[in-house]
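Letter by letter, the chains look like this.
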Amino acid sequence: MNHEVLRNNASKVKEWCDAAGIMYCAVVKGTNGMLSFAKDVAAAGAEMLASSRLEQLKRCRDAGIELPTLLIRVPMISELDDVLEYADYSLNSEIATLEALNEKALKKGVEHKVILMADLGDLREGWIDEDELINAAVHVEDSMDGLILAGIGTNLGCYGSIVADEQNMTQLAELAERIEESIGRELEIVSGGASSSLKPLMDGVMPSKINMLRIGAVVLDGCLDDVRIFYDVKELDELRDDAFILKAEVIEKKTKPTHPIGTLGVNAFGKSPEYIDRGNRERVILAIGGQDYGDIADLVPTVEGMEVIGASGDHTIVDIEDCKKPLAIGDIIEFKLKYSAIMRLTMSENVKLCEID
Ligand SMILES: *Cc1c(COP(=O)(O)O)cnc(C)c1O
């Protein structure tokens, strides 16, 4: 884990946001809310810290990071006391939860800021009916004295794979304007989404009404994972993809057939993958597995000619037939990591984390 690279990436995001008059809200859940990462984004100028998990916001706050905090998973009724304690803001999508939060805030004598979520088609959280969202906003504004209606937001590219574009960003901006008309004042925050919303920003089509983005993934993996969304965005080349490097040790090296021998059933994860017979090939086994990083598709070999062909919980098999570099038992192989692998590896007890400042 290279903190200089992380600070570099976060500074780039901050520059892009600044140039568009947008607040950079840094999402830290992708490193399990690691304090050293929160410090990196704070040093790079992030204006708010966000996580889906209150434990992580608590950790940052207890360590003295003074940025305002945002809970980005719609709160559980069972965690509302902690929401008031550790989050200055929260994303919300249910009146029942808002009412319970309001009551708790009134009882405690505190005020909590809420951002109401609009579902613009990705079909995860948020009101999909615009009038219902506007009514909810007016309801919070007029009759919930423990809550402050800070603004509205949306989330894209999570369940429905919907790309952030001029159309849905404009829809969000117009919704904000309608709410402002209804309540007779400006909203503090109009939150236009996550890393995937950098695309409309770079394309120059982000409405000026959008004034916050919640950015996690691209700072961590330098966009290795998000090429699908960012096809044409050349600015993203300025991000580095080597903040996290996984090192794993070779424990076996043999030439074996590529098609299993015998009756095919299921693999270690209960799945029945297809095996292509490519004849005999040289391959190595590494002492790390899916339990540590999740999916082999999220490992990117750094040596030409290596291909990760499979894994079980604790073993990873890499085809090295086309690899020019000689390998021996005990050698270390390095991989770049996509977001999901970073997320899991930073939580794994079995993986030793080395931090370079
Ligand atoms: C995870 C998350 C983000 C950050 O998404 P990235 O793709 O990591 O930038 C933003 N908002 C919400 C609601 C999230 O759950």
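Preceding block: the structure.
Here is what the cut-offs are and how they apply
Residues numbered from 1 in each chain as written. Predicted model: local features only at pLDDT ≥ 70, side-chain atom pairs only at ≥ 80, totals over all residues. Heavy atoms only, no water. Salt bridge = Lys/Arg side-chain N within 4 Å of Asp/Glu carboxyl O. Helix = DSSP H or I, 4+ residues; strand = E, 2+ residues; numbered from the N terminus. Buried < 20%, exposed > 50% of the residue type's maximum accessible area, 1.4 Å probe, protein only. 1 Å grid on protein atoms, 1.4 Å probe; cavity = no way out; pocket = protein on both sides within 12 Å on 5 of 7 lines; lining within 4 Å. Points joined across faces, edges and corners; volume = space filled by probe spheres on them. Nonpolar A, V, L, I, M, F, W, Y, C, P; charged D, E, K, R; others polar. Axes fitted to C-alpha atoms, helices over the stretch in contact; angles between N-to-C directions. Parallel < 35°, antiparallel > 145°, perpendicular 65-115°, else oblique. Left-handed = near helix turned anticlockwise from the far one by under 90°. Contact = heavy atoms within 4.5 Å. Arc of directions from axis to C-beta. Core = buried A, V, L, I, M, F, W, Y, C linked by side-chain atoms within 4.5 Å. Near = heavy atom within 4 Å. Polar contact = N/O pair within 3.5 Å; in protein donor to acceptor, adjacent residues only side chain to side chain. Areas by Shrake-Rupley, 256 points an atom, 1.4 Å probe, with all protein chains shown as cover.

A. Just the pattern of salt bridges, in detail. As enumerated under the stated definition, the model contains 24 salt bridges in all. The partner of lysine 209 in a salt bridge is glutamate 180, and the shortest N-O contact between them spans 2.9 Å. Of this pair, lysine 209 sits in the loop between α8 (198-202) and β8 (212-215) while glutamate 180 sits in helix α7 (residues 166-183); the two residues are 29 residues apart in sequence, bridging distant segments of the chain. Residue lysine 209 shares its accessibility class with glutamate 180, and that shared class is buried. As a salt-bridge pair, arginine 278 and aspartate 319 come within 3.9 Å of each other at their nearest N and O atoms. Here arginine 278, found in the loop between β9 (245-257) and β10 (280-286), pairs with aspartate 319, found in strand β13 (residues 316-319); they are 41 residues apart in sequence, far enough to count as distant. You can call arginine 278 partly exposed: its relative accessible area is 40%. With relative accessibility at 2%, the residue aspartate 319 sits in the buried group. Linked through salt bridges whose partners overlap, the residues forming this network are Arg278, Arg281, Glu307, Asp319 and Asp322.

B. Summary view of the layout of surface pockets. Volume-wise, the second largest pocket comes out at about 820 Å³. Pro273, Tyr275, Ile309, Gly310 and Ala311 are, among the 30 residues lining the second largest pocket, the residues nearest its centre. Secondary-structure elements contributing two or more residues to the lining of the second largest pocket are β9, β10, α10 (290-293), β12 (307-311) and β13. In terms of residues, the lining of the second largest pocket owes the most to one element, β12, which gives 4 residues. Looking at the lining of the second largest pocket residue by residue, the class counts come to 13 nonpolar, 8 polar and 9 charged.

C. Region of interest: the packing of helix α5 (residues 95-108) against helix α6 (residues 130-143). Where α5 contacts α6, the two axes come as close as 11 Å, and the packing angle between them is 15°. By the angle class used here, α5 and α6 are roughly parallel. Of the two possible hands of crossing, α5 and α6 adopt the one that is right-handed. Residues Ile95, Leu98, Glu99 and Asn102 of α5 touch α6, and the partners they reach there are Ala136, His139, Val140 and Ser143. Its residues placed into classes, the contact of α5 with α6 shows 4 nonpolar, 3 polar and 1 charged.

D. Here's a closer look at helix α2 (residues 35-43). When we look at burial in α2, the residues that qualify are Phe37, Ala38, Asp40 and Val41. All buried residues of α2 lie within an arc of 155° about the axis, which places them on one face of the element. Buried residues along α2 sit against α1 (3-19), β1 (23-27), β2 (48-51), α3 (54-62) and α9 (217-221). Among the residues trailing α2, glycine 45 stands out with phi positive, at a value near 100°.

E. Representation of the nonpolar core. Core analysis: the largest hydrophobic core is formed by 94 residues, its most contacted members being Tyr24 and Leu116. Excluding anything up to four places from it in sequence, tyrosine 24 contacts Ala10, Val13, Lys14, Cys17, Val41, Ala46, Glu47, Met48, Leu213, Ile215 and Val219. Counting 14 residues, the second-largest nonpolar core is a separate cluster that includes Ala50, Tyr89, Ala150 and Ile189.

F. Inspection of the environment of aspartate 292 at higher detail. Within the secondary structure, aspartate 292 sits in helix α10. Here the alpha-carbon distance between aspartate 292 and threonine 154, two residues 138 residues apart in the chain, equals 31 Å. When neighbours within four sequence positions are excluded, aspartate 292 is seen to be in contact with Gly313, Arg344, Leu345, Ser348, Asn350 and Val351.

G. Region of the structure containing the site of the ligand. For the ligand, the set of nearby residues contains 13 residues, the closest of which are Lys29, Ser195, Arg214, Gly216 and Ala217. Residue serine 195 places a side-chain N or O atom 2.6 Å away from an oxygen atom belonging to the ligand. A distance of 2.7 Å is found between an oxygen atom of the ligand and a backbone nitrogen or oxygen belonging to alanine 217. Its free accessible area being 390 Å², the ligand has 90% of it covered by the protein chains. Along the lines of polarity and charge, the residues of the shell around the ligand split into 6 nonpolar, 3 polar and 4 charged.

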